[in-house]
There are 2 protein chains.
Amino acid sequence: MPTPEQLLENVRRHAHEIDLLSTIGSTLEWDERTYLPKSGGEFRAEQITYLSGLTHQKRTAPQLGEWLGELAESPLAADLHSDPGTVIRMMQRDYEKQTRLPQSLVEELARAQVLGQQAWVESRKTNDFAAFVPFLTKNIDLRRQQAEAFGYEDHIYDALLDDYEPNERTANVARVLSALRAELAPLVAEIAASPQKPDAGLLTRLYPKAGQEAFALHAAKKVGFDFDRGRLDVTHHPFCTDLGPHDCRITTRYDERHFPGAFFGVLHEAGHGMYEQGLRAAWRGLPPGNFVSLGIHESQSRMWENFVGRSRAFWEHFYPVAQGMFLPTLADVSLEEFYFAVNDVRPSLIRVEADEATYNLHIIIRFELEQALLTGDLAPGDAAGAWREKYREYLGIEPPDDADGILQDVHWSAALIGYFPTYALGNLYAAQFYEQADADLGGLASQFAAGEFAPLLTWLNEKIHAPGQCYSASELVQNITGKPLSHEPLIRHLRNKLSPLYGL
Amino acid sequence: MPTPEQLLENVRRHAHEIDLLSTIGSTLEWDERTYLPKSGGEFRAEQITYLSGLTHQKRTAPQLGEWLGELAESPLAADLHSDPGTVIRMMQRDYEKQTRLPQSLVEELARAQVLGQQAWVESRKTNDFAAFVPFLTKNIDLRRQQAEAFGYEDHIYDALLDDYEPNERTANVARVLSALRAELAPLVAEIAASPQKPDAGLLTRLYPKAGQEAFALHAAKKVGFDFDRGRLDVTHHPFCTDLGPHDCRITTRYDERHFPGAFFGVLHEAGHGMYEQGLRAAWRGLPPGNFVSLGIHESQSRMWENFVGRSRAFWEHFYPVAQGMFLPTLADVSLEEFYFAVNDVRPSLIRVEADEATYNLHIIIRFELEQALLTGDLAPGDAAGAWREKYREYLGIEPPDDADGILQDVHWSAALIGYFPTYALGNLYAAQFYEQADADLGGLASQFAAGEFAPLLTWLNEKIHAPGQCYSASELVQNITGKPLSHEPLIRHLRNKLSPLYGL
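- An unreviewed UniProt entry lists chain A under the name Metal-dependent carboxypeptidase, with Lignipirellula cremea as the source organism.
- Taken from UniProt, the Function (unreviewed entry) comment for chain A reads in full: "Broad specificity carboxypetidase that releases amino acids sequentially from the C-terminus, including neutral, aromatic, polar and basic residues."
- The annotation that UniProt attaches to chain A under Catalytic activity (unreviewed entry) is "Release of a C-terminal amino acid with broad specificity, except for -Pro."

### Section: the pairing of strand E3 (residues 248–252) of chain A
All names here are of chain A.
Consideration 1: Summarising burial for E3: five of the five residues are buried, a large majority.
Consideration 2: The alternating pattern of E3 places Cys-248, Ile-250 and Thr-252 on one face and Arg-249 and Thr-251 on the opposite face, and all of these are buried.
Consideration 3: Where strand E1 (residues 230–234) and E3 come together, five bridges link them in parallel fashion. Each residue of the ladder has a partner; that of Arg-231, found in E3, is Arg-249.
Consideration 4: Where strand E2 (residues 240–242) and E3 come together, three bridges link them in antiparallel fashion. Looking across to E3, one finds that Asp-242 is bridged to Cys-248.
Consideration 5: Connecting the antiparallel pair E2 and E3 is a turn made up of five residues, with Gly-244 showing a positive phi of about 160 degrees.

### Topic: the interface of chain B and chain A
Consideration 1: Facing the 37 residues of chain B at the interface are 37 residues of chain A.
Consideration 2: Around 2900 Å² of area is buried between chain B and chain A when both sides are counted, 65% of it from carbon and sulfur atoms.
Consideration 3: By the criterion of area lost to chain A, the three top residues of chain B are Tyr35(B), Phe43(B) and Tyr50(B), representing 22% of everything that side buries.
Consideration 4: Among the ionic pairs, Arg249(A) bridges to Asp31(B), the shortest N-O distance being 2.7 Å.
Consideration 5: If you look at where chain B meets chain A, you find 14 residue pairs in polar contact (both at pLDDT 80 or more).
Consideration 6: Elements with a minimum of two residues in the side of chain B that touches chain A: helix H1 (4–34), helix H2 (41–59), strand E1 (230–234), strand E2 (240–244) and strand E3 (247–252) of chain B.

### Observations concerning the side chain of Thr170(A)
Residues and elements named next belong to chain A.
Consideration 1: For Thr-170, the position within the fold is in helix H8 (residues 170–193).
Consideration 2: Within the local environment of Thr-170, its side chain forms a polar contact with the side chain of Asp-158, the two groups lying 2.3 Å apart.
Consideration 3: Residue contacts for Thr-170: discarding those within four places in its chain leaves His-155, Tyr-157, Asp-158, Leu-161, Phe-367 and Gln-371.

### Observations concerning the pattern of salt bridges
All names here are of chain A.
Consideration 1: Evaluation of the coordinates by the stated rule reveals 75 salt bridges over all chains.
Consideration 2: With a shortest N-O distance of 3.9 Å, Glu-213 and Lys-209 are connected by a salt bridge. Pair noted here: Glu-213 and Lys-209 are both in helix H9 (residues 209–223), with a separation of four residues, about one helical turn.
Consideration 3: When its relative accessible area of 29% is taken as the criterion, Glu-213 is described as partly exposed.
Consideration 4: The residue Arg-310 makes a salt bridge to Glu-305 at a minimum N-O spacing of 3.3 Å.
Consideration 5: Using a relative accessible area of 10% as the deciding quantity, one classes Glu-305 as buried.

### A few points about the domain arrangement of chain A
All names here are of chain A.
Consideration 1: The domain boundaries assigned to chain A delineate domain 1 (4–100) and domain 2 (127–503).
Consideration 2: With centres defined by C-alpha atoms, the gap from domain 1 to domain 2 works out at 27 Å.
Consideration 3: Both faces considered, domain 1 and domain 2 share a buried interface measuring about 2300 Å² in area, 56% of it formed by carbon and sulfur atoms.
Consideration 4: Counting the surface domain 1 buries against domain 2, the share from its top three residues, Trp-30, Arg-33 and Lys-97, is 26%.

### Side note on the environment of Arg312(B)
All names here are of chain B.
Consideration 1: Within the fold, Arg-312 resides in helix H12 (residues 312–325).
Consideration 2: Spatially, the C-alpha atoms of Arg-312 and Glu-336 are 8.3 Å apart, while their sequence positions differ by 24 residues.
Consideration 3: Side chain to side chain, Arg-312 and Glu-316 meet in a polar contact 2.7 Å long.

### Observations concerning the UniProt feature "binding site: Zn(2+)" (unreviewed entry) in chain A
All names here are of chain A.
Consideration 1: Taken from the UniProt record, the annotation "binding site: Zn(2+)" (unreviewed entry) applies to His-268, His-272 and Glu-298. These annotated residues cover 31 residues of sequence, and their C-alpha atoms lie no more than 8.6 Å from one another, placing them together at a single site.
Consideration 2: Tracing the chain through its elements places His-268 in helix H10 (residues 259–278).
Consideration 3: Each residue touching His-268, except ones within four places of it in the same chain, is listed here: Glu-298, Ser-301, Arg-302 and Glu-305.
Consideration 4: Relative to the elements of secondary structure, Glu-298 occurs in helix H11 (residues 294–308).
Consideration 5: Glu-298 sits in the buried class, given a relative accessible area of 7%.
Consideration 6: If we ignore the near neighbours within four places in the chain, the residues touching Glu-298 are His-268, His-272, Thr-422, Tyr-423 and Gly-426.

### Re the UniProt feature "active site" (unreviewed entry) in chain A
Consideration 1: With numbering matched to this structure, UniProt assigns "active site" (unreviewed entry) to Glu269(A).
Consideration 2: With respect to the helices and strands, Glu269(A) occurs in helix H10.

### Section: unusual backbone geometry
A negative phi angle is the norm for most residues apart from glycine, just as the trans form is the norm for most peptide bonds.
Consideration 1: A cis amide bond, omega 0 degrees, links Leu327(A) with the succeeding residue Pro328(A).
Consideration 2: Mapped onto the fold, Pro328(A) is located in the loop between helix H12 (312–325) and helix H13 (335–341).
Consideration 3: Positive phi is not limited to glycine here, since Ala415(A) has a value of about 60 degrees.
Consideration 4: Looking at where Ala415(A) falls in the secondary structure, it is placed in the loop between helix H15 (383–395) and helix H16 (421–440).
Consideration 5: Within the chain, Asn127(B) stands out as a residue other than glycine whose phi angle is a positive 55 degrees.

### Description of helix H4 (residues 83–100) of chain B
All names here are of chain B.
Consideration 1: When the terminal C-alpha atoms of H4 are compared, their 25 Å separation across 18 residues agrees well with the 26 Å that a helix rising 1.5 Å per residue should span.
Consideration 2: Three or more residues of H4 are buried, namely Asp-83, Pro-84, Gly-85, Thr-86, Val-87, Ile-88, Met-90, Met-91, Tyr-95, Lys-97 and Gln-98.
Consideration 3: Measuring from the side-chain oxygen of the N-cap residue of H4 to the backbone nitrogen of Gly-85 gives 2.9 Å; that N-cap residue is Ser-82.

### Structural notes on the relation of the copies chain B and chain A
Consideration 1: With an RMSD of 0.0 Å, chain B superimposes on chain A once it is rotated by 180 degrees and translated 0.0 Å along the axis. Given the turn and translation reported, the copies of this chain are related as if by a two-fold rotation axis.
Consideration 2: In this assembly the copies share their binding face: 100% of the residues contributing to the interface of chain B also contribute to that of chain A.

### With respect to the environment of Asp332(A)
Residues and elements named next belong to chain A.
Consideration 1: Summarising the element assignment, Asp-332 is placed in the loop between H12 and H13.
Consideration 2: Among the residues examined, Asp-332 registers a relative accessible area of 55% and is labelled exposed.
Consideration 3: Separated by 126 residues in the primary sequence, Asp-332 and Thr-458 have C-alpha atoms spaced 37 Å apart.
Consideration 4: The contact partners of Asp-332, leaving out residues within four places of it in the chain, are Arg-205 and Glu-337.
Consideration 5: Among the polar contacts made by the side chain of Asp-332, one reaches the side chain of Arg-205 at a distance of 2.8 Å.

### Overview of the environment of Glu269(A)
Consideration 1: When its relative accessible area of 9% is taken as the criterion, Glu269(A) is described as buried.
Consideration 2: The residues touching Glu269(A), leaving out its near neighbours within four places in the chain, are Pro238(A), Phe239(A), Cys240(A), Ile250(A) and Thr251(A).

### Side note on the sheet that holds E3(A)
Residues and elements named next belong to chain A.
Consideration 1: Taken in spatial order, the three strands of this open sheet run E1-E3-E2, and their pairing is mixed. Strands with a single pairing partner mark the edges of an open sheet, and in this sheet they are E1 and E2. The mean inter-strand angle of the sheet, taken between neighbouring strand axes irrespective of direction, is 20 degrees.

### Things to note about the state of the cysteines
Residue and element names in this part refer to chain B.
Consideration 1: With the rule as written, the count across this model stands at zero disulfides over all chains.
Consideration 2: Not part of a disulfide, Cys-240 finds its nearest cysteine sulfur in Cys-248, a span of 3.7 Å.
Consideration 3: The exposure class assigned to Cys-240 is partly exposed, which follows from its relative accessible area of 22%.

Rules of the game
Residues numbered from 1 in each chain as written. Chains lettered and ligands numbered in written order. Predicted model: local features only at pLDDT ≥ 70, side-chain atom pairs only at ≥ 80, totals over all residues. Heavy atoms only, no water. UniProt positions renumbered as here; feature names shortened; annotations may be inferred. Buried < 20%, exposed > 50% of the residue type's maximum accessible area, 1.4 Å probe, protein only. Helix = DSSP H or I, 4+ residues; strand = E, 2+ residues; numbered from the N terminus. Pairing = 2+ DSSP bridges. Contact = heavy atoms within 4.5 Å. Buried area = accessible area lost by both parts, 1.4 Å probe. Salt bridge = Lys/Arg side-chain N within 4 Å of Asp/Glu carboxyl O. Polar contact = N/O pair within 3.5 Å; in protein donor to acceptor, adjacent residues only side chain to side chain. Domains from an automatic or database assignment. Expected span 1.5 Å × (residues − 1). Least-squares fit on C-alpha atoms with pLDDT ≥ 70 in both. Axes fitted to C-alpha atoms, helices over the stretch in contact; angles between N-to-C directions. Disulfide = S-S within 2.5 Å.

As structure tokens, this is what we get:
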């Protein structure tokens, strides 16, 4: 009869194999998006599929289930938030979710995701939502089946949200987001009505690619992304991927006529990367060494992108460097003008291009629509109309077509339902954490202005990165800030920043 | 009772899994050498080791052995050189070799290779051959054990050579190489005595990196390397690796003060790459879709590097482009001067920097020494002295120290014994194939001068690449040229090219 410690060691070794396989898979995917020759795609897909099969086998190995079952009865499981307790609790959770899904549904979903994305590419190109409806219908139906297989207490959406934001509930997210919307809508309206506007054209002057790359690398390094343990490459869609304990790769793309895209994109991905780099290597591949949730992950990217990167203090430090790097582009532009330009707030159609304030309204629309789609209150065929209506109501604008309306995001075509709210949760978590860090560290602005970012990063390392999954996202927020998640810190942050700029 | 066709299909599927796993491993290795962050090495090694284990399991699966055993008795095996016959013959060969090796020896070799290479790096740095002797002794001893486990008829060296040059025999290689040396030594002496010398300094003027890269890409593309199915990157040691049927990657490194290194290096690796790209995709992962031997592989790289790339006709086509690309570097240099410079022949210490003629003498020295080491006629502790003696005798020069003498190559430290002769065999095969292609295609020089390289590549595709392993290297030479391997074509090639240059 093995001791609990021996069982835990078995689980650790097993999890290490899963980690090896899944990081190998991520490496193949990274390569596919960065350097794979044009004709190499098909074979690469075979390699990835084969590896996914091996990984899935490992994750659902009956032996693993038995070890976890025995461990769950052992004293090691007693303290839920200890490292061993977290291993047992979270891995058993994952194991049960994985094994509760019928193999036929897994395969049908995989197929539907591929077909859905292909159909989406075509429908978006031809602005033909009707052609996409059968695929959307299929994806929603399959996710509904998945939710039923997993089970849920309150809302069917809970079962899907749980994949991205473990233990979070729809009702709680709805509560916070509706409070957020109630205060955000008037703020956005006040800004729209303000006669003060930034000269956003500053940011579409010529910013040569080489300079953008050098400056982005400089800033990412300065704020604390460790390039001995990561790198920056170019891809069409930017991302951050973890390929091992000391190998985190971020990507961006450069548009010589649009400064903010790559620069804030790199800060964003570096924020994700610094979270990965801050996880405890000793628990690598196990829940105590893994990120909490997509929302918490997004809180780290948004913190560095917006709370740090779009702050006045940040530019007090970096603006002279930017001016030098991009001579003569910025020679006639004051810090104040530049700072206002990177904080331009105005309702827009495309989520990924939205500013810090209106972004959340885009998410709220998707969150509401996907709940209605899942419960059946909204028929997929009516979703494009509902989309336009909500954009009119929440943002005061209407997409001229579905390609830039409901067809703009890949998520639903890939059957990712329950994912969108994690973007808004990320902003909310970021605001609440940032307010606390600012209080704990005695004024971050003056540190940023002096080029000091280590205190904030160390604070994040200790408070958020190191605990891994020992606490859920909502527990983490409560532990760190002493309060449950609220919309108030984000609204305070936006009002404090935007009021002086727009003279509100 | 499955039919032979069903058994063959089982083997094909099994081999496909091996191919997926081994190309995934190669992708990880490629990434390690190109883009892996500094601190990522340790985890990468774990990933690669884990994958090797999975691959080895697949390659030695008893089920595979049973299928192959049954197939060997079936009518499909009757025609040895048919595609199915080749699958059965060569995979059974591989299976038996793999399973004949005791697991303990496999592991000891793996460990010794790592330790040997670490010791070599240090010994080379400190010019301390004595410190390296125990590792060399160990490696030779382990390879001797391996050879005994495999078995051999004539010479213990056969058992090792067979890993790189299947079915080739030491006696045959010795016969050809000694004939080669007998004619090469006087040729090299005549050249050394000639008052005509190229201005080799032309090649160490300034050749900016960006220009070198653009020019090498231009030439590699022009001769036929398909960049939709491959790419070129930078690594410290250049190589070519096959990551899938449509994904062949080559690498180089640029020295702005040394033109030939990168340029001929890229042609060399592109030659390897065009071989990979010319293999039959329908037999991917199986012997009929696999390269014949390292010697044949090297014949392709050396053909494009030397027989094509160092020909006068090649430069008639490319030299104006080079002049334009490297203005003003080559403005005052005639085609004739440049052509002579890239064909500079003079005895030198370092194999990888040796010219087309003297290169083979470096190999002959290693081939003779490693046979003597393996039989015990030469004690490892005496090898550095024997090395110096042979360099004096064969090349007329003596290394000032062991770092640039016996310690210059990684091979023996990595227990690669029997590998060196494949380099010289590659030159010999290349010469014999090239002479035949020239006759078959009616004068290649005029085609090169007109920038036409497709006829030669098509000839190579048909004659050498497409057959895969259906014939051994020596059968292939006999089939294509109607004669067994001989030193004469290489000597003819060198005399024809070098006589006018050096006024011999």
